[in-house]
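# Results of the structural survey
One-letter residues, chain by chain:
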Amino acid sequence: MKALVQRVKEASVSVGGKKHSHIGAGLLVFLGVEKGDSEKEADWLAGKVSSLRIFADSQGKMNLSVKEISGGLLVVSQFTLAADTNRGNRPGFEKAALPAEAEKLYEYFVKKLKSGNIPVTTGIFQADMQVALINDGPATFMLEKKNA
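So, here is what we can say about the structure in this document.

### Considerations on the environment of Val-76
- On the secondary structure map, Val-76 appears in strand β6 (residues 72–77).
- As a C-alpha pair, Val-76 and Lys-146 span 70 residues in sequence and 20 Å in three-dimensional space.

### Let's talk about the side chain of Glu-41
- Here Glu-41 shows up in helix α1 (residues 39–51).
- The side chain of Glu-41 sits in the buried core without any salt bridge; Lys-40 is the nearest counter-charge, 5.6 Å away.
- Engagement of the side chain of Glu-41 in a polar contact is seen with the backbone nitrogen of Ser-38, the distance being 2.6 Å.

### Let's talk about the pairing of strand β1 (residues 2–15)
- Buried residues dominate β1, accounting for ten of its 14 residues.
- When β1 meets strand β8 (residues 129–144), the two strands line up antiparallel, connected through twelve bridges. Bridging from a neighbouring strand, Lys-2 pairs with Glu-144 of β8.
- Here β1 pairs with strand β2 (residues 18–23) via five bridges, running antiparallel. Residue pairing across strands places Ser-12 opposite His-22, the latter belonging to β2.
- Hairpin geometry of β1 and β2 is characterised by an intervening segment of two residues between the two adjacent antiparallel strands and by a positive phi of about 60° at Gly-16.

### Details of the packing of aromatic side chains
- All told, the structure shown has two aromatic pairs when counted by the stated rule.
- Their ring planes at 45° and their centres at 5.8 Å tell us that Tyr-106 and Phe-125 sit as a pair that is tilted. With Tyr-106 in helix α2 (residues 99–114) and Phe-125 in the loop between β7 (120–122) and β8, this residue pair connects regions lying 19 residues apart in the sequence. With respect to burial, Tyr-106 and Phe-125 carry one shared label: buried.

### Quick look at the pattern of salt bridges
- Across all of its chains, the model carries six salt bridges by this definition.
- A salt bridge links Glu-34 to Lys-2, with the shortest nitrogen-to-oxygen separation between them at 3.8 Å. Here Lys-2 lies in strand β1 and Glu-34 lies in the loop between β3 (26–32) and α1, a separation of 32 residues in the sequence.
- Residue Asp-43 pairs with Lys-112 through a salt bridge whose shortest N-O separation is 3.7 Å. Note that Asp-43 is positioned in helix α1 and Lys-112 in helix α2, a separation of 69 residues in sequence.
- One connected set of salt bridges, linked through shared partners, spans Arg-7, Lys-9 and Asp-136.

### Regarding the layout of surface pockets
- Size it by volume and the largest pocket reaches roughly 330 Å³.
- Of all elements in the fold, only β3, β6, α2 and β8 reach the threshold of two or more residues within the lining of the largest pocket.
- Here the lining of the largest pocket gets three residues from one element, more than from any other, and that element is β3.
- Residue composition of the lining of the largest pocket, by class: 13 nonpolar, five polar and one charged.

Definitions and limits used
- Residues numbered from 1 in each chain as written.
- Predicted model: local features only at pLDDT ≥ 70, side-chain atom pairs only at ≥ 80, totals over all residues.
- Heavy atoms only, no water.
- Helix = DSSP H or I, 4+ residues; strand = E, 2+ residues; numbered from the N terminus.
- Buried < 20%, exposed > 50% of the residue type's maximum accessible area, 1.4 Å probe, protein only.
- Lys, Arg positive; Asp, Glu negative; His and termini not counted.
- Salt bridge = Lys/Arg side-chain N within 4 Å of Asp/Glu carboxyl O.
- Polar contact = N/O pair within 3.5 Å; in protein donor to acceptor, adjacent residues only side chain to side chain.
- Pairing = 2+ DSSP bridges.
- Phe/Tyr/Trp six-rings, centres within 6.5 Å; stacked < 30°, edge-to-face > 60°.
- 1 Å grid on protein atoms, 1.4 Å probe; cavity = no way out; pocket = protein on both sides within 12 Å on 5 of 7 lines; lining within 4 Å.
- Points joined across faces, edges and corners; volume = space filled by probe spheres on them.
- Nonpolar A, V, L, I, M, F, W, Y, C, P; charged D, E, K, R; others polar.

The structure is reproduced here in structure tokens:
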């Protein structure tokens, strides 16, 4: 399971030209679910995302989590994070979880984040989404938990 996490001043998801969700300061999380991933990986990743200290404290050091700044989370499913780009020029998606399993773990991950009392909004699973953001920093991190 992988999460590409971007610290943002704001971010939104639109579908079909209509804004679906929006956050102010916080984290935009692109979540990729791979074959073999389970709730164990989702638990670890949700804990890591909610506790990641990448916001500036009063001395300007990355020392605060999204919860500590009262920020929000926007979680967007992105199966392309599971792409294999080692062969040829066309990505392969053999490692990506099948949609039914990926959606189940995506929803579980979102539920786990919400249980931490952080405002969470989402994209729409399997929709053609347009994501807009103002990256803060920029600060972008790849978090990955290999399935056990």
